[in-house]
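Summary of the model geometry
One letter stands for each residue in the lines below.
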Amino acid sequence: MKRLVQLLLLGALMLLPVKGVQAETPKDPIYVKTSNGWNAAYAHGNEYAEFRVIGNGAKLQDAYHVLLQKGVGMMVSFVDKKELQNNGDVLSAHAQWEINYWHQHASRVESNAREDLTGIRKDVKVTEVKVYNDKGAQMSSYLIGLAAKDGVFVLSVSPAKKDVDPLVKELVNSFKLVPRNLDAEEAKRLSSEAKAQR
């Protein structure tokens, strides 16, 4: 685990400019270890999503997959608004896009907007999705969408069940859009903040 943290920090440090060359925004989410989990940032264009994975039991599988706790996983992604039917409400369009996908691959799909998990926030939408195959087996997940200029940042948490609701609320509370480039200076600032939390 210590080796993984070192590699992730090394990846963040590689963003530093070298001999006047401007650093590029990282293509993958970056994670910085804190005393109680991970601070994460995922860039797209000139903005990024920031969120916290709380709990020392959380384990990074790779940049896009996190085991939040035993039996509960999370996938991090971004859906470009070009993929969505442009109706002005990218969060609803994203949820419908996901549901349409599952309708093509499952026998039955149920969805439910979970406003009880978002509170009064309008920039975030949580949709609970249950997918069934023809034998009745079920897969469930929470789709947590954060509206961005060019699409939707998404945290998919599975399975969706009552005892996972508090974990989803924690993710929603920490999930925010930062209207800045995730460049070397910003990565350094995030690392400094994480060190202060240790």
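Summarised in this report is the structure supplied together with it. Remember, predicted model here, so these are calculated numbers, not experimental data.

**Re the pattern of salt bridges**
Evaluation of the coordinates by the stated rule reveals 11 salt bridges. Measuring nitrogen to oxygen at the nearest pair gives 3.9 Å for the salt bridge that ties Lys162 to Asp165. On the basis of relative accessible area, Lys162 is assigned to the exposed category, the value being 68%. Relative accessible area serves as the criterion here: at 7%, Asp165 is assigned to the buried category. Among the salt bridges present, the one from Glu193 reaches Arg189, with a minimum N-O distance of 2.2 Å. Of this pair, Glu193 and Arg189 both sit in helix H5 (residues 184-197), 4 residues apart, which is roughly one turn of the helix. With relative accessibility at 33%, the residue Glu193 sits in the partly exposed group. We classify Arg189 as partly exposed; its relative accessible area is 28%. Each of the salt bridges in this network shares a partner with another, and the network as a whole consists of Arg114, Asp116, Glu128, Lys130, Lys162 and Asp165.

**Quick notes on the sheet that holds strand E2 (residues 37-44)**
Taken together, the 4 strands give an open sheet; going across it, the order is E1-E2-E3-E11, and neighbouring strands pair in antiparallel fashion. Either end of the sheet is taken by a strand with one partner, and the two such strands are strand E1 (30-34) and strand E11 (176-178). The sheet shows a mean angle of 25° between the axes of neighbouring strands, taken without regard to direction. Packing against the sheet, helix H4 (residues 165-174) makes contact with strand E3 (47-54) and E11, and its axis sits at approximately 145° to E3.

The rules we used
- Residues numbered from 1 in each chain as written.
- Predicted model: local features only at pLDDT ≥ 70, side-chain atom pairs only at ≥ 80, totals over all residues.
- Heavy atoms only, no water.
- Salt bridge = Lys/Arg side-chain N within 4 Å of Asp/Glu carboxyl O.
- Buried < 20%, exposed > 50% of the residue type's maximum accessible area, 1.4 Å probe, protein only.
- Helix = DSSP H or I, 4+ residues; strand = E, 2+ residues; numbered from the N terminus.
- Pairing = 2+ DSSP bridges.
- Axes fitted to C-alpha atoms, helices over the stretch in contact; angles between N-to-C directions.
- Contact = heavy atoms within 4.5 Å.

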